[in-house]
Every structure is written in structure tokens, then in C-alpha cells.
Amino acid sequence: MGTRQPRGRSGGRPTLEEVAVRAGVGRGTVSRVINGSPRVSERTRAAVEEAVAELGYVPNTAARALAANRTDSIAVVVPEPESRFFAEPYFSDIIHGVGQALAETDMQLLLTFAGGDRERRRLAQYLAAHRVDGVLLVSVHADDPLPDLLEQLEIPAVISGRRSADETLASVDSDNFAGARAAVDHLLDRGRRTIATITGRLDVYGAQRRLDGYRDALEGAGHEVDEALIVQGDFTEEGGRRAMTELLERAPALDAVFAGSDVMAAGARQVLRTAGRRIPEDVALVGFDDSAIARHMDPPLTSVRQPITQMGRTMTDVLLAEIATPHPPPTRRLHRPQIVLPTELVQRASS
């Protein structure tokens, strides 16, 4: 026997109006209860929920979305290989923040990777069909074509970290420059004088700004910047190992390293230990992110805390505001929000 479907008085599916009559309230009150509005008394909410249960009413969100030319979904797009996504706490913290911001909405979340040309082409086709209301772009390189595609398609989008100082999309970032400067100032205050840095990929604007902060701190303290003490990594543990090996070959007398991420700092630590360098007695080590990796390293890693979960929440709030204004005036398009959140140096035993 098939499952008997609930029927309203009209003989079809129960309607919002029928729920309102059963609960003894207005149609708008029923809508507020279903959408989770706090502007309803507990007694009224209970009456509406009882009527919904008795009638078997199911909100037709698909019809609402279609009428509003909406899909009630957003995409988080990560232009990186899946392996990097699962290896770095940064990404899971961003997603955690996104989830927090969406918890009080009806929006569904789609997570997709676009680390290769084939994935990008497939994603472009998907986005061109307007199957999502907006996009959160996480970890974007300067030459990535996706941001320009989103602008061409007029899909609301927010980017985590600007591509350049002239970013045209809405963006949310941490203060990479100030965070890096604080890290190097801390090492200088500890009496370190030969301070190297392992940068992230320099086609990422945030990595450029961390390098700028490193340079600024040294110059501000009257030290000449030695280019031999700067080696580019790629935000991976293996990249940190390679860069640290190169630094020890170039400058065996170095006494401090500022790594552009905790993951790279973990790789650098392995090489330093293998080379017989004690941390922090011989070489002080500082990372960036203040992830779980920093707390669990031996010794625990001094690191620049960026509010990654808050970044995810803020990105989502900005995106929802963009979606709510589907055709912003030209002046608003030219002045999309560029939000920079503060960083904080967390001192531990590695420095």
C-alpha cells in the first residue's frame, strides 16, 4: 500500500491559508513561524506548529525560489586541488564560518573544487546556467579567470583575500601586512638578527602583503633586507621543507624564520631538527594562521592568528547582502566592500 499524502480541504496539498485557519492566526503569522522569525510569541508558534503537523503542511520552497528567480543555494569554490583543501586547517575553518552564517537561513551550500582546467570549464558551464545565487571564492591566485567570469555573468560573489590592491569584487581578508610585521618585530625584540622568511606563493596577494610586512619590520628597525634570506614556498608542508633546506644552504648562521603559514612552519621545523638546530635556542620559528597545527607542534608554535572562522561568516553575510540586491546601481558595483579583519600575534615556546 502506498503512503497516504496529507490533504487539505481543497482535496490537494494543504495550503498556507488552511494552516492559518486551523491555528486561528493570519497568513503572515504562519509565514513568520515557518521562516523562523523571532517576532512571534511562543504560544502562537506552538499553535502554528501544531496546525502544520496536523495538516501535514510542507512549505514549497522550490516554488518560492522559482518565483523569485532564485535557487536558494550558494557555492563555495576552492581553486585548489582537493588534497590541499583537506591538508590545511584554513579551509575547514572558513567553511565552519560559512556554515554558522547560513544556519539561520534556508540557503543550501555547495562545495566545489576547481584546481585544474577541466574542473574550471565544468564549473564555468554550471555557473553560466545560474544554478546558484552567489559564490564564495576561497584562495584565489592573481591569474585565476573565475573572478572575471563571475563578473561577466553578474553572479554575486565575495572573495577571501583580494587579488590585488585594486580588487573589484567584494572581499574579506585579514591584515596580512600588520600580522607579518608583528611577527618580525617580535623576533627582533627577542634579539634575533638574521631573520629569514618562507613566503607563500607570490601570485597570492595575501602572501605578497606578508612579505611586505616582513620587509617593513626589518627596514623600520634599521636592518637591510637580505634577499638571500627570502625563499618562496607554496603554503604546503613539503614547500616549507624545501624552502628551509635552501635557507640553511644559503645562510647557515640564520637565527630566526618567519614562515607564511603554520603548515610551512611545520615543514621547516622538521628540517631544522634534522640539521641539529634547537628551537628556539638556535633558531626561533614563527608561523601564520594560529591553526591547530601551531598548538600541537613541539615546541608549540608562535603564530599570527587570523580570524578565519569570522572571515567565513563575514564573507557569507556580505554575499547574502549582495544577493538581496540583485541589480545594484553602478556606484555600488564600483564600491563593493573590501573588509580587512585584524590579526593578533600569539606567543608560544618556539620563539
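### As for the sheet that holds strand β4 (residues 157-160)
As a general point, the strands of a sheet are linked pairwise by backbone hydrogen bonds and lie either parallel or antiparallel.
Item 1. Strands sit in the order β2-β1-β3-β4-β5-β11 across an open sheet of six strands; the sheet is parallel. Each edge of the open sheet carries a strand with a single partner, namely β2 (108-113) and β11 (338-341). Ignoring strand direction, the axes of neighbouring strands in this sheet form an average angle of 20 degrees.
Item 2. Pairing of β4 with strand β5 (residues 170-174) involves three bridges; the strand directions are parallel. Each residue of the ladder has a partner; that of S160, found in β5, is V172.

### Thoughts on the sheet that holds strand β9 (residues 284-289)
Item 1. Judged by pairing direction, the sheet is mixed, and its six strands sit side by side in the order β7-β6-β8-β9-β10-β12 without closing on themselves. Among the strands making up the open sheet, the edge pair consists of β7 (230-232) and β12 (344-346). Looking at each pair of strands side by side, their axes are set apart by 20 degrees on average, direction ignored.
Item 2. In the sheet, strand β8 (residues 256-259) pairs with β9 via three bridges, with the strands oriented parallel.

### What about the nonpolar core?
Item 1. In terms of nonpolar packing, the biggest core is built from 45 residues, with Y214, M244 and L254 touching the most fellow members.
Item 2. For this core, the elements supplying multiple residues, two or more each, are α9 (176-189), β6 (195-199), α10 (205-220), β7, α11 (237-250), β8, α12 (262-274) and β9.
Item 3. It is α12 that provides the largest number of residues to this core, a total of six residues.
Item 4. With sequence-adjacent residues up to four places away left out, M244 is seen in contact with I198, L254, V257, A268, V271 and L272.
Item 5. Among the nonpolar cores identified, the runner-up in size contains 23 residues, and I74, F85, L102 and M315 belong to it.

### Examining helix α1 (residues 16-23)
Item 1. Of all the positions in α1, only L16, E18, V19, A20 and A23 are classed as buried.
Item 2. Packing partners of the buried residues in α1 comprise α2 (27-34) and α3 (42-55).

### Here's the deal with the environment of T112
Item 1. Considering the arrangement of structural elements, one finds T112 in strand β2.
Item 2. Residue classification places T112 among the buried residues on the basis of a relative accessible area of 17%.
Item 3. Separated by 37 residues in sequence, T112 and A75 have C-alpha atoms that sit 7.1 Å apart.
Item 4. Aside from chain neighbours lying at most four places away, what touches T112 is V76, V77, V78 and L123.

### Some words on the packing of aromatic side chains
Item 1. Under the defined criterion, the tally for this structure stands at six aromatic pairs.
Item 2. Judged by centre distance (5.1 Å) and plane angle (75 degrees), the rings of F85 and F113 are edge-to-face. A residue pair is termed long-range when its members are at least 10 positions apart, and F85 in helix α5 (residues 82-87) and F113 in strand β2 qualify at 28 residues. Per residue, the accessibility class of F85 equals that of F113, and both read buried.
Item 3. With a centroid separation of 6.4 Å and 55 degrees between ring planes, the pair formed by F258 and F288 is classed as tilted. Placement of F258 in strand β8 and of F288 in strand β9 is noted, with a sequence separation of 30 residues between them.
Item 4. On the basis of relative accessibility, which here comes to 0%, the residue F288 falls in the buried class.
Item 5. One aromatic cluster is present, built from ring pairs that chain together F85, F86, Y90, F91 and F113.
Item 6. Here the basic side chain of R210 rests over the ring of F288, its NZ or CZ set 3.8 Å away from the ring centre.

Conventions adopted
- Residues numbered from 1 in each chain as written.
- Predicted model: local features only at pLDDT ≥ 70, side-chain atom pairs only at ≥ 80, totals over all residues.
- Heavy atoms only, no water.
- Pairing = 2+ DSSP bridges.
- Helix = DSSP H or I, 4+ residues; strand = E, 2+ residues; numbered from the N terminus.
- Axes fitted to C-alpha atoms, helices over the stretch in contact; angles between N-to-C directions.
- Core = buried A, V, L, I, M, F, W, Y, C linked by side-chain atoms within 4.5 Å.
- Buried < 20%, exposed > 50% of the residue type's maximum accessible area, 1.4 Å probe, protein only.
- Contact = heavy atoms within 4.5 Å.
- Phe/Tyr/Trp six-rings, centres within 6.5 Å; stacked < 30°, edge-to-face > 60°.
- Lys NZ or Arg CZ within 6 Å of the ring centre and 35° of its normal.

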